[in-house]
Amino acid sequence: MHSKLTLAFACACVLAVALTGAATLQAETTPDPPEETQPETATAVVGQWQLQRRIDKYRHETWRWQRLMGRPLTRKLANPPADPEDKIAVWQRAAAKTRRRAFNPPNKQKLLCIHRYEGAWRANTGNGYYGGLQMDLGFQRTYAPGLLMHKGTANHWTPLEQMWAAERAHRAGRGFYPWPNTARYCGLL
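As the structure is a prediction and not an experimental result, all values here were calculated from the model.

Caption draft 1: Here's a closer look at the overall build of the chain. Of regular secondary structure, the chain possesses eight helices and zero strands. Secondary structure elements of the chain occur, N-terminal to C-terminal, as α-α-α-α-α-α-α-α. A burial count over the chain gives 30% of its 189 residues as buried. The long-range fraction of contacts in the chain, counting pairs at least 24 apart against all pairs at least 6 apart in sequence, stands at 58%. With an accessible surface of roughly 12700 Å², the chain has 58% of that area assigned to carbon and sulfur atoms.

The following block contains the structure:
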């Protein structure tokens, strides 16, 4: 029994010495990679990731404003430039253009006139009407279901979100009839 353990121990020692020698031999014969290529590769990967983040920033901003306006989302550019920096510039222009449109709903001045006679933007009058345009729950469910679900009633929405809900109702053919009295005061009916 003692001789078997000695033999096993001797084999283990020989194997350990052989593996150590092979590793040393391989380490000595493997050429080092050129130092210039390694940082460039890492920089290129990091650079690509940063470029994509910048593109995504402007894409998501564009989509945010398109969702607010009830417009289809621009998922990709029609004629995307090859250079990533140019793609960033195109998405940046798209975001700025979409933001300008979102801040200026087509009937903004008319809706502001209606608001003047309705209530505060954060109003919850307790009579079933909410926000600066005094929208009831049916109106909110029909023309801004996402906002109603995520933010609650219209008195929790921004004035711009409230105006775009009214704009969707106007586009759907309701005109300014949801506000019959105040629309008359404003000369809209």
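From this point on, the discussion continues.
Caption draft 2: Structural detail: a positive patch on the surface. On the surface, a cluster of positive charge is contributed by Arg71, Lys97, Arg100, Arg101 and Arg171. Broken down by element, the positive patch gets its largest block of residues, three residues, from helix H3 (residues 84–102). If you trace the backbone, Arg171 turns up in helix H7 (residues 159–174).

Caption draft 3: Expanded view of the state of the cysteines. According to the stated counting rule, one finds one disulfide in the structure shown. Covalently, Cys113 is tied to Cys186 through a disulfide, its sulfur atoms 2.0 Å apart. Across the S-S bond linking Cys113 and Cys186, the dihedral sits near -100 degrees, which makes this disulfide left-handed. Placement of Cys113 in helix H4 (residues 108–118) and of Cys186 in the segment after helix H8 (180–185) is noted, with a sequence separation of 73 residues between them. Judged by its relative accessible area of 18%, Cys186 falls in the buried class.

Caption draft 4: Focus on the nonpolar core. Ranked by size, the top nonpolar core spans 28 residues in total, and within it Leu111, Ile114, Leu133, Met135, Trp157 and Trp179 carry the most contacts. Those elements that place two or more of their residues in this core are helix H2 (37–69), H4, helix H5 (137–143), helix H6 (145–151) and H7. In terms of residues, this core owes the most to one element, H7, which gives six residues. Residue contacts for Leu111: discarding those within four places in its chain leaves Leu133, Met163, Ala166, Glu167 and Phe176. Judged by nonpolar contacts, the second largest core, of eight residues, contains Leu51, Ile55, Tyr58 and Leu77.

Rules used in this analysis
- Residues numbered from 1 in each chain as written.
- Predicted model: local features only at pLDDT ≥ 70, side-chain atom pairs only at ≥ 80, totals over all residues.
- Heavy atoms only, no water.
- Helix = DSSP H or I, 4+ residues; strand = E, 2+ residues; numbered from the N terminus.
- Buried < 20%, exposed > 50% of the residue type's maximum accessible area, 1.4 Å probe, protein only.
- Contact = heavy atoms within 4.5 Å.
- Areas by Shrake-Rupley, 256 points an atom, 1.4 Å probe, with all protein chains shown as cover.
- Patch = residues over 30% accessible without salt bridge, like charges linked within 9 Å, V, L, I, M, F, W, Y side chains within 5 Å.
- Salt bridge = Lys/Arg side-chain N within 4 Å of Asp/Glu carboxyl O.
- Lys, Arg positive; Asp, Glu negative; His and termini not counted.
- Charge placed at Lys NZ, Arg CZ, Asp CG, Glu CD.
- Disulfide = S-S within 2.5 Å.
- Core = buried A, V, L, I, M, F, W, Y, C linked by side-chain atoms within 4.5 Å.

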